[in-house]
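# Fold and geometry: a report
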Amino acid sequence: MAGKFFDRIKQILSAQKEADARAELDASNGATPREGIGKSVLAGIVGSLVFLFLLLVLHWAFPIALLIGAGLTVALQFMTRSVDRIGTTPVYKIQNGQEALRVFRETRKNLDEMRQLQYRITDGALFKKIDSLVRVGMDIFFYLTGHPDKILPSEHFLEYYLPTANRILKNYVEMQNAHISEDTFSAIRTKTFTAIEYLQTLFTNQRDGYHLDAIQDLEEESDLLEETIEMGGGRK
């Protein structure tokens, strides 16, 4: 009987561990954490079950059973405590980590909304422009996932230009679905197209700016290779 009881507790803890792992994976990729079963409540239930088992089944003394049950509850709360991460980096290891995490999650939220808005746009040419913009945005997001120390230095771009792009798409979709006059909508389309092209340049510069050192190193290595080939008699 004791074996079955502890097997059941192990199953409960295993299920919670899997749920925690999924939640941490979502959070590390910028998703807003979802509230599941309260970990404190779950730990309290397990601790209470152990207390009752020790007291009623094994007939242990009340103070000892209570002490073990309470101790187990505290231990489980500590063991199941989740750690906020950006990518694989714990937030507490990042300077101003909580602010970086907030900006990171807002970035993910804006990009998700932009992708959803893109698929509501019926104009083929504009759809392609926005697809290119969102792809560059995701390049930036994935870079920041692996380099969380770059998030706050990029805060102006992430907090201004990215939400601006999102608002432009929202406004366009709203006007598209409002069935306004053709002339008015044509003017809105032209302005939106121009704005997206401008944002494309900004997004591309932001993305490429993260890799300037690597690009420079590659160019220097290429130049050195050319010089080496010339010193060796040139290409054959």
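The preceding data block contains the structure.
Everything numeric here is computed off the predicted structure, so don't read it as measured data.

## Things to note about the overall build of the protein chain
- Looking only at helices and strands, the protein chain features eight helices and two strands.
- The buried share among the 236 residues of the protein chain stands at 32%.

## Brief notes about the pattern of salt bridges
- Under the defined criterion, the tally for this structure stands at 13 salt bridges.
- Residue Asp131 is joined to Arg115 by a salt bridge in which the shortest nitrogen-to-oxygen separation is 2.8 Å. Here the residue Asp131 occupies a position in helix 5 (residues 124–146), and Arg115 occupies one in helix 4 (residues 97–118), the gap between them amounting to 16 residues.
- Across the salt bridge formed by Arg207 and Asp208, the nearest N and O atoms sit 3.1 Å from each other.
- Under the relative-accessibility criterion, Arg207 is labelled partly exposed at 22%.

## Thoughts on helix 6 (residues 155–178)
- Its 24 residues give helix 6 an end-to-end C-alpha distance of 34 Å, which sits within 8% of 34 Å, the value for a rise of 1.5 Å per residue.
- Every buried residue of helix 6 is accounted for by Phe157, Leu158, Leu162, Pro163, Thr164, Ala165, Asn166, Leu169, Tyr172, Val173 and Gln176.
- Its buried side turned inward, helix 6 meets helix 4, helix 5 and helix 7 (182–209).
- Positive backbone phi, approximately 55 degrees, marks His179, located one or two places after helix 6.

## Topic: the side chain of Gln176
- Residue placement: Gln176 occurs in helix 6.
- Among all residues touching Gln176, those that are not within four sequence positions of it are Arg120, Ile121, Thr122 and Phe185.

## Focus: unusual backbone geometry
- Non-glycine residue Asn96 carries a positive phi angle of around 50 degrees.
- Within the secondary structure layout, Asn96 lies in the loop between strand 2 (89–90) and helix 4.
- On the basis of relative accessible area, Asn96 is assigned to the exposed category, the value being 52%.
- One non-glycine residue, His179, lies in positive phi territory at about 55 degrees.
- In this structure, His179 sits in the loop between helix 6 and helix 7.

## Let's talk about the packing of aromatic side chains
- Under the criterion given, the structure shown has eight aromatic pairs.
- Note on Phe141 and Phe142: the rings are 5.7 Å apart at their centroids and 65 degrees apart in plane angle, and the pair reads as edge-to-face.
- Under the relative-accessibility criterion, Phe141 is labelled buried at 2%.
- Judged by its relative accessible area of 52%, Phe142 is exposed.
- Seen in terms of ring centroids, Tyr143 and Tyr210 are 4.5 Å apart; in terms of plane orientation they differ by 15 degrees. Their pairing is stacked. Residue Tyr143 is located in helix 5, and its partner Tyr210 is located in the loop between helix 7 and helix 8 (212–231); the two are separated by 67 residues in the primary sequence. In this structure, Tyr143 and Tyr210 share a single accessibility class: buried.

## Digging into the nonpolar core
- Ile86, Met114, Ile151 and Phe203 are the most contacted members of the largest nonpolar core, which totals 34 residues.
- If you list the elements that add at least two residues to this core, you get helix 4, helix 5, helix 6 and helix 7.
- Broken down by element, the residue count for this core peaks at nine residues, all from helix 5.
- Judged by nonpolar contacts, the second largest core, of five residues, contains Val50, Phe53, Leu54 and Ala65.

## Looking at a nonpolar patch on the surface
- A grouping of Leu52, Leu56, Val57, Leu58, Trp60, Ile64 and Ile68 is seen on the molecular surface, where their side chains present a nonpolar patch of about 600 Å² in accessible area.
- Counting only elements with at least two residues in the nonpolar patch, the list comes to helix 2 (39–57) and helix 3 (62–79).
- Broken down by element, the residue count for the nonpolar patch peaks at three residues, all from helix 2.
- On the secondary structure map, Leu52 appears in helix 2.

## A look at the packing of helix 5 against helix 6
- In the contact formed by helix 5 and helix 6, the axes pass within 13 Å of each other and the chain directions differ by 155 degrees. Classified by the angle their axes make, helix 5 and helix 6 are roughly antiparallel. Relative to helix 6, the crossing made by helix 5 is left-handed. Judged by residue contacts, Leu126, Ile130, Leu133, Ile140 and Leu144 of helix 5 engage Phe157, Leu158, Ala165, Leu169 and Tyr172 from helix 6.
- Here the residues of the contact of helix 5 with helix 6 are counted per class, giving 10 nonpolar, no polar and no charged.

Parameters and conventions
Residues numbered from 1 in each chain as written. Predicted model: local features only at pLDDT ≥ 70, side-chain atom pairs only at ≥ 80, totals over all residues. Heavy atoms only, no water. Helix = DSSP H or I, 4+ residues; strand = E, 2+ residues; numbered from the N terminus. Buried < 20%, exposed > 50% of the residue type's maximum accessible area, 1.4 Å probe, protein only. Salt bridge = Lys/Arg side-chain N within 4 Å of Asp/Glu carboxyl O. Expected span 1.5 Å × (residues − 1). Contact = heavy atoms within 4.5 Å. Phe/Tyr/Trp six-rings, centres within 6.5 Å; stacked < 30°, edge-to-face > 60°. Core = buried A, V, L, I, M, F, W, Y, C linked by side-chain atoms within 4.5 Å. Patch = residues over 30% accessible without salt bridge, like charges linked within 9 Å, V, L, I, M, F, W, Y side chains within 5 Å. Areas by Shrake-Rupley, 256 points an atom, 1.4 Å probe, with all protein chains shown as cover. Axes fitted to C-alpha atoms, helices over the stretch in contact; angles between N-to-C directions. Parallel < 35°, antiparallel > 145°, perpendicular 65-115°, else oblique. Left-handed = near helix turned anticlockwise from the far one by under 90°. Nonpolar A, V, L, I, M, F, W, Y, C, P; charged D, E, K, R; others polar.

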